[in-house]
2 protein chains.
Amino acid sequence: MDGLEILPVRGIGDVTAGDDLAELISRNAPWLRDGDVLVVTSKIVSKAEGRLVEVPADGPERERARERVLDAETRRVVARRGSTAIVQTHHGFVMAAAGIDASNVDKTHLVLLPESPDDSARRLRAALAARGLRVGVIISDTMGRTWRNGLTDVALGAAGIEPFRDHRGEIDPYGNELQLTQMAVIDELAAAGELVKGKCDQVPVAVVRGYPGAGRAETPGAGVLLRDAADDMFSLGTAEAHAEGLRTAATLPEAATDTPASPGAVRRAIATAGLAGAVAVPSPQTLRCTVTDSRPAGLMRFGADVQRLRAALAAEGLASAVAYDEGGATIAVSGAAL
Amino acid sequence: MDGLEILPVRGIGDVTAGDDLAELISRNAPWLRDGDVLVVTSKIVSKAEGRLVEVPADGPERERARERVLDAETRRVVARRGSTAIVQTHHGFVMAAAGIDASNVDKTHLVLLPESPDDSARRLRAALAARGLRVGVIISDTMGRTWRNGLTDVALGAAGIEPFRDHRGEIDPYGNELQLTQMAVIDELAAAGELVKGKCDQVPVAVVRGYPGAGRAETPGAGVLLRDAADDMFSLGTAEAHAEGLRTAATLPEAATDTPASPGAVRRAIATAGLAGAVAVPSPQTLRCTVTDSRPAGLMRFGADVQRLRAALAAEGLASAVAYDEGGATIAVSGAAL
């Protein structure tokens, strides 16, 4: 790897529905070469594909229309706070406002994301190949990040360039085998491309020259960058997940598993519920709470305490089932299924 | 903005404690110019600063030592799953394993992050300025991201380069004022630099040439990229926050606010608890539950139901306080403080 160049493509100007992006790009960048990687702002792809919706130019109707458009583009809400909504789109991208954009378009329209950015990238790559140019195409958009201020560009779609550079299995100079290093190269290329674009400069396409391996026909798209739900430790924002925990406590069906409850977890749960000293543990899988106040209100409060204890057990991953009798409650506890 | 170059600095080789990075870099990149931005991998900064800890080369003792080092570097655990721990370091970075690295170092050591990457960047920038080079310095490291597979490089420390490029307030060609576009340029520069480094290539420094504004002395560091806790919608992973919700349900102190409860929220809470038809709403701020089974077990279950309802109310952001009497329970509800 000797070095890379990042070059702006100027002169593209307004893009409208039906425009031929391959023609626009190659006309304004006659210097393109095989092996180049084009970083194309998703907005001009959306405009060429007619992915605009009409909305009132101003007034309260505009805000209501924007909310309806956001609902339509949203598969799932991940987190909300004030006017900020982080949602998962139907494609699977997790972004503020589902990537809907009101900038760089006239006030009576909003721009949606392309319907399938990987398909758009493939079509554009093929159209440029038909013109004799073997290039990679990345369709980029601007996104925020958890825990870090500011925005960066990332890849929504890609064709002709491997999404990852994988170092797993390599041996470093000290003899260590690298375990975890799979670089999201198309996101880094998107970020690099953004450095020569502005937001009002009308530079919607950048070219990265010198990155090896661009232009080949069969590559996975950018979709492989989307984390599976099963691996997602942040599928709901903190406040949303906290509220879901409260909802779980509001139902908390009785359950039992074959896994023993850990005594440490049981002790932590009793402490969380503020019931240390009030709960006997006759066996590791059985808790016994004894009534001290048998008046009606005392029995009701006792039941509330048992429910609180079951919520605390659930917080530790422990299932529970209750048997009430005149003297108190016996709670059978068990651990999470392995 | 005409275009950028990204250039690798080769020949640096092994770095050990006490090495003079400014000397190493300028000797291996005699072609450096004013206005260049250096992207320096944090690992060589850590090595030069002696930020290594000794651990057993293998065996179960190694794993225990790694855990102790992780604990020491961790300010707060954000999320854990299996062997993956996303933690906030004392600096404030949110990263897997607190950025502790076992690669590209001999097996008897682990590399920690620099103690203050911004200070390290400032010292390196000043040392290069003393050699007559007015450059920007970014100290980069590799991080994962929520919702996206693969890793990218970001800026841990910076000096001589503005962290953001701010488009807020600009007017686009359609007359719209840009609201939300603050680009995290030093993260994009870090990502661009990574494209010419490998993980085993021993190319720990890249140079970005042509980005305007690099080299000035007084700039905020990369610390401004760290999101405040108050703005962080993902301060805990989903599973962790869900468990915290269950813990909240296990205590749920009685409370009242001056804000009225929304009737829609009250209805949702009653439905969540599965108690529609069993809860009367004599006034918008008062719920009444009536005992139907006055035997001891019936009263205990009634108390558990009241606790479940209070958890469901809390999930909707509603505070509650309970008064028990022989016939049932009266719950005063109020809304979240504005």
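With an unreviewed UniProt entry as reference, chain A is termed Coenzyme F420-0:L-glutamate ligase/coenzyme F420-1:gamma-L-glutamate ligase, source organism Pseudosporangium ferrugineum.

### Quick look at the domain arrangement of chain A
Each assigned domain of chain A is listed with its residue range as follows: domain 1 (3–50 + 112–236) and domain 2 (251–333). Here domain 1 of chain A and domain 2 of chain A have C-alpha centroids that lie 55 Å from each other.

### Here we look at the packing of helix H6 (residues 238–251) of chain A against helix H8 (residues 296–315) of chain B
Between H6(A) and H8(B), whose axes approach to 8 Å, the crossing angle comes to 160 degrees. If you check the angle between H6(A) and H8(B), you find them roughly antiparallel. Both H6(A) and H8(B) take part in a crossing whose hand is left-handed. Listed contacts from H8(B) to Ala243(A), Leu246(A), Arg247(A), Ala249(A), Ala250(A) and Thr251(A) of H6(A) are Arg308(B), Ala311(B), Ala312(B), Ala314(B) and Ala315(B). Among the residues forming the contact of H6(A) with H8(B), the class breakdown is eight nonpolar, one polar and two charged.

### A look at the pattern of salt bridges
All chains considered together, the criterion is met by 36 salt bridges over all chains. Of the charged contacts in the structure, one is a salt bridge between Arg64(A) and Glu61(A), with a shortest N-O distance of 3.1 Å. In this pair, Arg64(A) and Glu61(A) both sit in helix H3 (residues 60–73), three residues apart, roughly one turn of the helix. Residue Arg64(A) is classed as partly exposed on the basis of its relative accessible area of 45%. For Glu61(A), a relative accessible area of 40% gives the class partly exposed. Between Arg145(B) and Asp187(A) there is a salt bridge whose closest N-O contact spans 2.9 Å. On the criterion of chain membership, the pair formed by Arg145(B) in strand S8 (residues 136–145) and Asp187(A) in helix H5 (residues 185–194) is interchain, its members lying in two chains. The pair Arg145(B) / Asp187(A) is uniform in exposure class, with both members buried.

### Some remarks on the sheet that holds strand S16 (residues 328–334) of chain A
In spatial order, the strands read S13-S14-S16-S15 (chain A); together these four strands make up an open sheet with antiparallel pairing. With one partner strand each, in any of the chains shown, strand S13 (279–283) and strand S15 (319–325) of chain A form the two edges of the open sheet. Across this sheet, the average inter-strand angle for adjacent strands is 25 degrees, counted without regard to direction. In the sheet, strand S14 (residues 286–290) of chain A pairs with S16(A) via five bridges, with the strands oriented antiparallel. For Thr290(A), the partnering residue across the bridge sits in S16(A) and is Gly328(A). Strands in contact with H8(B) are S15 and S16 of chain A; relative to S15(A), the strand with the most contacts, it is inclined by about 145 degrees.

### Considerations on the relation of the copies chain B and chain A
When chain B is fitted onto chain A, the two copies agree to an RMSD of 0.1 Å after a turn of 180 degrees and an axial shift of 0.0 Å. Classification of the inter-copy transformation places it as that of a two-fold axis. Both copies share a contact surface, since 100% of the interface residues of chain B are interface residues in chain A too.

### Some details on the interface of chain B and chain A
Where interface size is quoted, it is often the accessible area lost as the parts come together. Taken together, the contact between chain B and chain A spans 114 residues of the former and 114 residues of the latter. Joining chain B to chain A, the criterion identifies eight salt bridges. Asp187(A) is the salt-bridge partner of Arg148(B), the closest N and O atoms lying 2.9 Å from each other. Linking chain B to chain A there are 55 residue pairs in polar contact (both at pLDDT 80 or more). For the side of chain B that touches chain A, the element with the most residues is H8(B), which contributes 14 residues. Per-class residue counts for the side of chain B that touches chain A are 57 nonpolar, 27 polar and 30 charged. Taken together, the three bridges between strand S1 (residues 4–9) of chain A and strand S1 (residues 4–9) of chain B define a ladder with antiparallel strand orientation. Bridged to Glu5(A) within S1(B) is Glu5(B).

### Thoughts on the pairing of S8(B)
The side chains of a regular strand alternate, first on one face of the sheet and then on the other. Residues and elements named next belong to chain B. Of all ten residues in S8, eight are buried; the element is thus mostly enclosed. Strand direction decides the pairing type here: strand S2 (residues 37–41) and S8, joined by five bridges, are parallel. Within S8, the position partnered with Val39 by the bridge is Ile138. Here S8 pairs with strand S9 (residues 148–159) via eight bridges, running antiparallel. Bridging across to S9, Asp141 finds its partner in Val154. Counting the residues between successive antiparallel strands, the hairpin from S8 to S9 contains two residues, one of them, Trp147, with a positive phi of roughly 65 degrees.

Each value, and the rule that gives it
- Residues numbered from 1 in each chain as written.
- Chains lettered and ligands numbered in written order.
- Predicted model: local features only at pLDDT ≥ 70, side-chain atom pairs only at ≥ 80, totals over all residues.
- Heavy atoms only, no water.
- Domains from an automatic or database assignment.
- Axes fitted to C-alpha atoms, helices over the stretch in contact; angles between N-to-C directions.
- Helix = DSSP H or I, 4+ residues; strand = E, 2+ residues; numbered from the N terminus.
- Parallel < 35°, antiparallel > 145°, perpendicular 65-115°, else oblique.
- Left-handed = near helix turned anticlockwise from the far one by under 90°.
- Contact = heavy atoms within 4.5 Å.
- Nonpolar A, V, L, I, M, F, W, Y, C, P; charged D, E, K, R; others polar.
- Salt bridge = Lys/Arg side-chain N within 4 Å of Asp/Glu carboxyl O.
- Buried < 20%, exposed > 50% of the residue type's maximum accessible area, 1.4 Å probe, protein only.
- Pairing = 2+ DSSP bridges.
- Least-squares fit on C-alpha atoms with pLDDT ≥ 70 in both.
- Polar contact = N/O pair within 3.5 Å; in protein donor to acceptor, adjacent residues only side chain to side chain.

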